Amino acid sequence: MKDLTIWCTYHKDEQIEQFGLLEDDVMRLFKGNDTGIEGENINHLNPFYSEIVTLYYVWKNGIQSRRVGFCHYRRRFGRIADVEPGTCQVLAINRNCHVFGHYKGAHNYQDFYDAVDILNERYGECNKYSHYMLEGRTFIPFCSFVMMWEDFERLCLFLFPILEAFDRKNGLDMQPERYMQKALRDFRYDNVMYQRRAVSFLAERLISCFLACEMKVFCVNEI
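Quick caveat: nothing in here was measured; it's all calculated off a predicted structure. (Residues numbered from 1 in each chain as written. Predicted model: local features only at pLDDT ≥ 70, side-chain atom pairs only at ≥ 80, totals over all residues. Heavy atoms only, no water.)

Trainee: Describe unusual backbone geometry, with residues and values.
Mentor: Despite not being glycine, C126 shows a phi value in the positive range, around 60°. The topology assignment puts C126 in the loop between α5 (109-123) and α6 (128-135). The backbone of F142 shows a phi angle near 85°, a positive value even though the residue is not glycine. In this fold, F142 is placed in the loop between α6 and β5 (145-148). Among the residues examined, F142 registers a relative accessible area of 23% and is labelled partly exposed. (Helix = DSSP H or I, 4+ residues; strand = E, 2+ residues; numbered from the N terminus. Buried < 20%, exposed > 50% of the residue type's maximum accessible area, 1.4 Å probe, protein only.)

Trainee: So what's going on with the sheet that holds strand β2 (residues 27-31)? Which residues, and what values?
Mentor: What the 6 strands build is an open sheet, ordered β2-β1-β3-β5-β4-β6; its pairing is mixed. Two strands in the sheet have a free side with no partner beyond their single neighbour: β2 and β6 (216-218). Direction aside, neighbouring strands of the sheet carry axes that sit 20° apart on average. Pairing analysis gives 3 bridges linking strand β4 (residues 87-90) to β6, with the strands arranged parallel. (Pairing = 2+ DSSP bridges. Axes fitted to C-alpha atoms, helices over the stretch in contact; angles between N-to-C directions.)

Trainee: So, helix α3 (residues 52-60): which residues are in play, and what are the values?
Mentor: α3 sits mainly inside the fold: 8 of its 9 residues count as buried. Listed in full, the buried residues belonging to α3 are I52, V53, T54, L55, Y56, Y57, V58 and W59.

Trainee: Account for the environment of C97, with residues named and values stated.
Mentor: Relative to the assigned elements, C97 resides in the loop between β4 and α4 (99-104). Look at C97 and you get buried, because its relative accessible area is 6%. Between the alpha carbons of C97 and V220 there is a distance of 20 Å; along the sequence they are 123 residues apart. If we skip the residues at most four places from it in the chain, C97 touches H102, G136, R137, T138 and F139. (Contact = heavy atoms within 4.5 Å.)

Trainee: How would you sum up the environment of L202? Please name residues and give values.
Mentor: Here L202 shows up in helix α10 (residues 198-214). Under the relative-accessibility criterion, L202 is labelled buried at 2%. The spacing of L202 and N46 is 156 residues in sequence and 14 Å in space, taken between C-alpha atoms.

Right under this line is the structure:
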């Protein structure tokens, strides 16, 4: 088993040269909207799930390394520190951000409430995850992290059942056209092409939730 793999998501071929993306023994490039890729994937939902499709692909296809990390073409790690079980390196930590207030000011907060409802259904009323989502003030952005494979599996077992329940709750059936219809309805007076990534913005908060509630998190400039 490899010691470390960092998966970097991109969406357009020109981004490889534009952002100097190179594969090596550690870095793997993943084109998020490549629907012809072999293996179980949700790449057809890349316009809505963004880099979350990469997490899904690596997890579902069991592409293991002792440590596994994720980033994307605009945001990459400059240096990778070693991590132990239960610890996680991230790109940034905002320790003065009201998680719900920040989301409500930028996106459809009814989606956020859907996620909280699903958390309450899965973990009971007043669970630590819902409390973080509504009251938390430490936000870990960008869906970019490095952790042990076993911790990554735990994250995916937390994250994807919630996203699947969100899909069912909104009658989306993992169909791109239904996601687009929802975006057009929810953001008719907004930047629809940006806001159609609502699920990825929601997933970003859920990943932050897991990291804040379950792991010891650091970024290199905090060491």
